[in-house]
Each structure stands twice: as structure tokens, then as C-alpha cells.
Amino acid sequence: IPLADIFALVIEDLTVTLTSRLLVELSDYNILVIFCNQKHLPECTLQPISGHFNQYTQMKAQLKWDVARKSELWQSIVKQKIQNQIECMKYMHIDTVRIQKMTELKQSVLIYDRNNIEGQAAKYYFNSFFKDFTRDNDALIENAVLNYGYTILNAAIARTIVAKGLIPAIGIHHIGGRNHFNLASDLIEPFRALVDLFLLKHPPEDYLTKAYRLKIINLLHARVEIDGKMQTVIRAIDIMVQSIIEYFKDGDIKSLKFPSLSKYSFYEL
């Protein structure tokens, strides 16, 4: 398989041995490499040090991103995240009263989401599907699925951020001192509902089997609507990140392009 044809490589078997030459080649082709732990959950990634012909210029521009525009961007991200959660609720035929409540929450998001509507909406959203559900309960198989899917998407977004010449550690909202991918943690938000929808449509019968994990990885090939067209998640990530770069150049909020779950299709092997 030509390396140019590979977007991501997920290594789950701890007995796998890779040569330094292969790792360097994978980095040179900007291939996302994810290493998993004993529980088959993503543990770490291989990211190239450089990945864009104009990286220095991009980094300088990012360091000067206007605070007001960052605040406006985060508001837009949160609104789109909640909208996609609403679409997910509609697909799962959740009561219209709860959907209306989510719509009201979306409409109340302020600049920089000062009132943390995102957190309020997330709690209300998950409680629409599960009873006594919390995201920090590692014993729940639902969280194992969500964590696996979110990690795959987060790594794919981080890979694209680096490829665009941006600094992944400098985020819009997330500012974790030990998080090397704060910006990816910001930009994953509109994509999360896709993983949620997959879990709800295809709940695991057992702990994450190999076949099930492969389906989660293939969410990268699922199709969502963005900028009026159906695109793969991989392509949608690229379009979104590029639109954010353009937004900070021209200041036009209409430059922003986010994935929408108003239409979607999962990848079928």
C-alpha cells in the first residue's frame, strides 16, 4: 500500500515492532499514527515536527489572533456543537420538549460562552439518552466507546492542525498546561455528536471488539454536510480548519465552516 494513500495508522497489538526508518517515513508523509494500550484504547500519537511550507508565518499569525475574534469563534463552535446534538436527538426520536429546551440553550450562548451553556447542554443532552449517566464513569461501556471515538477524531484534527502549520498547543478555549493539543480539543466539539450518534445507532453488544473498534475508526470516512456539500469527516476537518485560518485573516464570521449532522452517512465496509 503506497504511503501516500494512507491517512491514519492505528497500532493495537503491543507485540508489533516498527523500525525507526518506517516511523520517519510515516512522519514525512504526515500520516496519523495512533498507538493503543493494553485495553486497545488510544494512548499516544506520532506527530511530525514540521508539516507546512509556510509554518513560521502561520505560527506568527496564530500568536497574534485577536482575542475578540477568538471569543466569537468559541461562541460559534459551541452553537454548532449544540445544534449537532439537537440533530442527534431528532434522529433518536427524543421528546420534542427536550429538543426545544436544547434549542433554547443554543440561542442563549453568549460571546465566549460566558455562562457555560456548553456544559449545561451536554448534561441535559446525555440524560436524554441514558439514566444516571456521567462522562467520568470509566466502568460504563458507553464511555469506552465515546472515549475511543473522540480520541480518534481529536488525533485526526491535531494532525490537520499541524499540517496547516498551526501550533496545536495554543487553543481558543482550552488552555491546559499539559495538553499539547488544546486547539484540537476546541475544534473537535462540532464533531462529537457524530460519535454519539454512532453509539446510539450501533450500541456494542460486548466490550469493544476488534470489529467494533474498526467501525469507530472508520467514522473518519463517514460523511457529513459542510459548506452545503456532503464530505468525509477527514475532508470536513480540513475545510473547517482552513476556514478558521481565513476567519482570523479577514474577520468575517461568514468565513467559518462547520460540520452539520442535518445530513450524514456512516461508512460501510
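Residue numbers run consecutively from 1 along every chain, following the written order of its sequence. This being a predicted model, a pLDDT of at least 70 is required before a residue's local features are given, and a value of 80 or more before pairs of side-chain atoms are given or counted; all residues contribute to the totals for chains, interfaces and linings. Side-chain metrics in this entry use all non-hydrogen atoms of the structure; hydrogen atoms and water are not considered.

### Some remarks on the pairing of strand 5 (residues 229-232)
To keep it simple, the criterion reads: Two strands form a pair only when DSSP identifies at least two bridges running between them. We count a stretch as a helix when DSSP gives it H or I for four or more residues in a row; a strand needs E for two or more, and each element gets its number in order from the N terminus.
Here strand 4 (residues 223-226) runs beside strand 5; their pairing, made up of four bridges, is antiparallel. Paired with V224 across the two strands is Q231, which belongs to strand 5. Between strand 4 and strand 5, which pair antiparallel in sequence order, lie two residues; one of them, D227, sits at a positive phi of approximately 55°.

### Brief notes about unusual backbone geometry
For Y112, which is not glycine, the phi dihedral falls at a positive 60°. With respect to the element layout, Y112 can be found in the loop between helix 4 (96-107) and helix 5 (117-126).

### What to know about the pairing of strand 1 (residues 8-11)
Let me state the cut-off plainly: A right-handed crossover is one whose linking path, passing over the helix from the first strand to the second, runs clockwise when the strands point away from the viewer.
As paired strands, strand 1 and strand 2 (residues 32-36) are joined by four bridges and run parallel to one another. Note on strand 2: the bridge partner recorded for A8 is L32. Running through helix 1 (residues 20-28), the crossover from strand 1 to the neighbouring parallel element strand 2 is right-handed.

### A look at the packing of aromatic side chains
Note the cut-off: Two rings from Phe, Tyr or Trp (for Trp, the six-membered ring) form a pair when their centres are within 6.5 Å of each other. A pair whose planes differ by under 30 degrees is stacked, one over 60 is edge-to-face, and the rest are tilted. Throughout, exposure labels follow a simple rule: accessible area from a 1.4 Å probe, protein chains only, divided by the maximum for the residue type, with under 20% read as buried, over 50% as exposed, and the rest as partly exposed. In this scheme, Lys NZ or Arg CZ marks a charge over a ring once it lies within 6 Å of the ring centre and within 35 degrees of the ring normal.
Under the criterion given, the structure shown has 11 aromatic pairs. Between W65 and F248, the ring centres sit 4.0 Å apart and the planes meet at 5°, which makes this aromatic pair stacked. Note that W65 is positioned in the loop between helix 2 (55-63) and helix 3 (67-91) and F248 in helix 10 (residues 233-250), a separation of 183 residues in sequence. Considered together, W65 and F248 belong to a single accessibility category, that of buried residues. An aromatic cluster is defined as three or more aromatic residues linked by ring pairs; in this entry it consists of Y91, F198, Y212, Y264 and F266. Above the face of the Y124 ring, R98 is positioned so that its terminal group lies 4.0 Å from the ring centre.

### What to know about the sheet that holds strand 6 (residues 260-265)
We count it as follows: Only C-alpha atoms enter the line fits that serve as axes; for helices the fit covers just the stretch in contact. Angles between N-to-C directions range over 0 to 180 degrees.
Spatially, three strands are ordered 5-4-6 in an open sheet, and the strand pairing comes out antiparallel. Of all the strands in the sheet, the pair left with one neighbour each is strand 5 and strand 6. Each strand of the sheet is rotated relative to its neighbour by a mean of 40°, with strand direction disregarded.

### Observations regarding the packing of helix 3 against helix 8 (residues 192-201)
When two helices pack together, their arrangement is given by the angle between the helix axes and by the axis-to-axis distance. What counts here: An angle below 35 degrees is read as roughly parallel, one above 145 as roughly antiparallel, one from 65 to 115 as roughly perpendicular, and any other as oblique. Handedness of each helix crossing follows the sense of rotation of the near helix against the far helix: counterclockwise by less than a right angle gives left-handed, clockwise gives right-handed. Should any heavy atoms of two residues lie within 4.5 Å, those residues are considered in contact. Under the scheme applied, nonpolar residues are Ala, Val, Leu, Ile, Met, Phe, Trp, Tyr, Cys and Pro; charged residues are Asp, Glu, Lys and Arg; polar residues are all the others, including Gly.
Closest axis-to-axis distance for the helix 3/helix 8 pair is 9 Å, and the angle between their directions is 15°. Judged by the inter-axis angle, helix 3 sits roughly parallel to helix 8. When you trace helix 3 past helix 8, the crossing you get is right-handed. Of helix 8, the residues touching helix 3 (which contributes K81, N84, Q85, C88 and Y91) are R192, A193, D196, L197, L200 and K201. By residue class, the composition of the contact of helix 3 with helix 8 is five nonpolar, two polar and four charged.

Function cannot be inferred from these measures alone, as they are strictly geometric.
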